[in-house]
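Spelled out, the chains give:
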Amino acid sequence: MAKKKKNKYTVNILWKDRRRRLGMPLSFQRYRLGEDRLFYEKGFLNTSVDDILLYRVRDISVKISFWQRLTGVGTVTVNSSDHTMPVLVMRDIKRPREVKEMLHQQVEKAKIAYRVRYNEMFCALPPLPILNLNFSARSPFRRTVFGIIIYNPESGAYKKLM
């Protein structure tokens, strides 16, 4: 058997698995973890491959149902800020807890390598107050293209609210 030549497009695969039925790999959905990407491939005759850059991963969770525990598999859900695939659900894979930890370690390495830190950037800010404004005909509030303006009847002037 001839050795495969490595070129600049070869990806180093750290982990690979496929979706399992009753604990056996009988499907055409494959998952692979590279050093900087997570690949999802599906199909037999017509295959499609999608990937998630690891530095875009926001959350990883594991769910193991009763039937999955009986067959030795589980579901790993990856939430990311990727626009093409914001949620990747890897169903019925072997050793889901180990996969989650391996994926978590690679995500942290990728974030350090790309100098990206999402930590709680979007969640750290307190939520904006909800304005319950009445936009009826008699209300001083008016909705415009530029935001919300308030009419002050005492001064006869308009003030921009948002």
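Reading the values: the criteria
Residues numbered from 1 in each chain as written. Predicted model: local features only at pLDDT ≥ 70, side-chain atom pairs only at ≥ 80, totals over all residues. Heavy atoms only, no water. Patch = residues over 30% accessible without salt bridge, like charges linked within 9 Å, V, L, I, M, F, W, Y side chains within 5 Å. Areas by Shrake-Rupley, 256 points an atom, 1.4 Å probe, with all protein chains shown as cover. Salt bridge = Lys/Arg side-chain N within 4 Å of Asp/Glu carboxyl O. Helix = DSSP H or I, 4+ residues; strand = E, 2+ residues; numbered from the N terminus. Pairing = 2+ DSSP bridges. Axes fitted to C-alpha atoms, helices over the stretch in contact; angles between N-to-C directions. Contact = heavy atoms within 4.5 Å. Polar contact = N/O pair within 3.5 Å; in protein donor to acceptor, adjacent residues only side chain to side chain. pLDDT = per-residue confidence, 0-100.

Turning next to unusual backbone geometry. Positive phi, close to 55°, is recorded for Asp-92, a residue that is not glycine. Located in the positive-phi region is Arg-95, a residue other than glycine, with phi close to 50°.

Among the surface-exposed residues, Leu-22, Met-24 and Leu-26 lie close enough to one another that they form a single nonpolar patch of about 360 Å² accessible area. On the secondary structure map, Met-24 appears in the loop between β1 (13-18) and β2 (29-34).

What follows covers the sheet that holds strand β5 (residues 57-63). One open sheet holds the three strands; their spatial order is β5-β6-β7, and the pairing between them is antiparallel. Where the open sheet ends on each side, the last strands, each with one partner, are β5 and β7 (87-94). Strand-to-strand twist in this sheet, taken as the mean axis angle between neighbours without regard to direction, amounts to 20°. The sheet contact formed by β5 and strand β6 (residues 73-80) spans six bridges and is antiparallel. Across the sheet, Val-62 pairs through a bridge with Val-76, a residue of β6. Against the sheet, helix α2 (residues 96-113) contacts β5, β6 and β7, and its axis sits at roughly 170° relative to β5.

Of note, Asp-17 is situated in strand β1. A polar side-chain atom of Asp-17 sits 2.9 Å from a polar atom in the side chain of Arg-20. If near-sequence neighbours (up to four positions away) are discounted, Asp-17 is found in contact with Gln-29, Arg-30, Tyr-31, Ile-93 and Lys-94.

Before going further, it helps to examine the confidence of the model for the protein chain. Overall, the predicted model of the protein chain reaches an average pLDDT of 79, with 69% of residues at or above 70. Mean pLDDT across the elements of the protein chain ranges from a minimum in strand β8 (residues 141-144), with 50, to a maximum in β6, with 95. Scored below 50 in pLDDT, residues 120-131 makes three contacts in the model with residues more than four places away or belonging to other chains.

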